Amino acid sequence: SIAFCKRYPQRQATLFDLPQTLITTQKNVEREKMTHRICLVGGNFNEDPILASAGADVVFLSDILHYQTDEENAALFQKLYKITNPDGIIIVKDMFLGEEAPGWNAIFSIHMMVYSEKGRCFKGSRITRWLEEAGFKAVREVERNTVLVASK
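Residues numbered from 1 in each chain as written. Predicted model: local features only at pLDDT ≥ 70, side-chain atom pairs only at ≥ 80, totals over all residues. Heavy atoms only, no water.

Asks: I keep staring at the packing of aromatic side chains and nothing clicks. Help me out?
Replies: Any aromatic ring pair is given by two values, namely how distant the centres are and how the planes are angled relative to each other. Going through the model one piece at a time under the given rule, you end up with 4 aromatic pairs. Ring geometry for Phe 4 against Tyr 8: centres 5.1 Å apart, planes inclined by 40°, an arrangement best described as tilted. Looking at Phe 4, the relative accessible area reads 33%, which means it is partly exposed. Judged by relative accessible area, Tyr 8 falls into the partly exposed class, the value being 33%. A centroid spacing of 5.1 Å and a plane angle of 85° characterise the contact between Tyr 81 and Phe 136, whose relative ring orientation is edge-to-face. Taken as a pair, Tyr 81 in helix H3 (residues 70-83) and Phe 136 in the loop between helix H5 (124-134) and strand E7 (137-143) lie far apart in primary sequence, 55 residues in all. Residue classification places Tyr 81 among the partly exposed residues on the basis of a relative accessible area of 23%. Three or more aromatic residues link up through ring pairs in this structure, and these residues are Phe 77, Phe 122 and Trp 130. Positioned above the aromatic ring of Tyr 8 is the side chain of Arg 7, whose terminal nitrogen or guanidinium carbon lies 4.8 Å from the ring centre. Seen from the ring of Tyr 81, Lys 152 lies directly overhead, with NZ or CZ sitting 4.3 Å from the centre. (Phe/Tyr/Trp six-rings, centres within 6.5 Å; stacked < 30°, edge-to-face > 60°. Buried < 20%, exposed > 50% of the residue type's maximum accessible area, 1.4 Å probe, protein only. Helix = DSSP H or I, 4+ residues; strand = E, 2+ residues; numbered from the N terminus. Lys NZ or Arg CZ within 6 Å of the ring centre and 35° of its normal.)

Asks: Would you take a moment to explain the layout of surface pockets for this structure?
Replies: Using a probe with the size of a water molecule, rolled over the atoms, empty space left in the structure can be pinpointed. Considered as a void within the structure, the largest pocket measures approximately 1,400 Å³ in volume. In terms of lining, the largest pocket is formed by 45 residues, of which the most central are Thr 14, Leu 15, Phe 16, Val 59 and Phe 60. Among the elements of the structure, strand E1 (13-17), helix H2 (19-31), strand E3 (56-62), H3 and strand E4 (84-93) are those that each provide at least two residues to the lining of the largest pocket. Per-element tally for the lining of the largest pocket: the top contributor is E3, with 7 residues. Its residues assigned to classes, the lining of the largest pocket comprises 23 nonpolar, 14 polar and 8 charged. (1 Å grid on protein atoms, 1.4 Å probe; cavity = no way out; pocket = protein on both sides within 12 Å on 5 of 7 lines; lining within 4 Å. Points joined across faces, edges and corners; volume = space filled by probe spheres on them. Nonpolar A, V, L, I, M, F, W, Y, C, P; charged D, E, K, R; others polar.)

Asks: So what exactly am I meant to see when it comes to the pairing of strand E8 (residues 147-151) here?
Replies: The side chains of a regular strand alternate between the sheet's two faces. With respect to burial, E8 is a largely interior element, 5 of its 5 residues being buried. By the alternation rule, side chains of E8 split into Val 147, Val 149 and Ser 151 and Leu 148 and Ala 150, which are all buried. Inspection of the sheet shows E4 paired to E8 by 5 bridges, in the antiparallel sense. Residue Lys 93 lies in a different strand from E8, and its bridge partner there is Val 147. (Pairing = 2+ DSSP bridges.)

Asks: Is there a simple way to think about H3 in this case?
Replies: Each α-helix winds once per 3.6 residues, and so residues spaced three or four apart point in a common direction. The first and last C-alpha atoms of H3 sit 21 Å apart over 14 residues, in line with the 20 Å expected at 1.5 Å per residue. Contact partners of the buried residues in H3: E3, E4, strand E6 (122-123) and H5. (Expected span 1.5 Å × (residues − 1). Contact = heavy atoms within 4.5 Å.)

Asks: For this particular structure, what's the right way to read the pattern of salt bridges?
Replies: A side chain of one charge can pair with a side chain of the opposite charge if their charged atoms are brought near each other. A full pass over the atoms with the stated rule returns 7 salt bridges. The residue Glu 72 makes a salt bridge to Lys 118 at a minimum N-O spacing of 2.7 Å. Taken together, the residues span a long stretch of sequence, with Glu 72 in helix H3 and Lys 118 in the loop between helix H4 (104-115) and E6 at a distance of 46 residues. Classification of Lys 118 as partly exposed rests on a relative accessible area of 34%. Put simply, Lys 6, Arg 31 and Glu 32 are held in one network by salt bridges that share partners. (Salt bridge = Lys/Arg side-chain N within 4 Å of Asp/Glu carboxyl O.)

Right, dumping it as structure tokens:
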């Protein structure tokens, strides 16, 4: 959010994360003198509303999917579609498994399966399907096995 606001000085950001994470985030936002441009909202996106009022022009989801189940991810994209403004976009950054060869991300996926309760990596085609089922369109991969972008 800090880098985004520095790059786009006319924009503001809302950062939604777990309350305990936002303690550190608040210090960084204050240090960068961005408190007037970055709103911090604490909660759990699987349980709490993400935005209470105006929607978002850009939704950036970073390194979330590999901690969740298929069902939780599909439900999250449904929720994110609802808060995305018309003509808005969603950017999904995570570790995707390659369609032909899983690559290094497969090793990360095994790590997640061993060391987390329900974590693992998903194929980009599955993430694309969740996006499209939620209503997003024009899904495209902008960085191989790492970043997808779609529009509302």
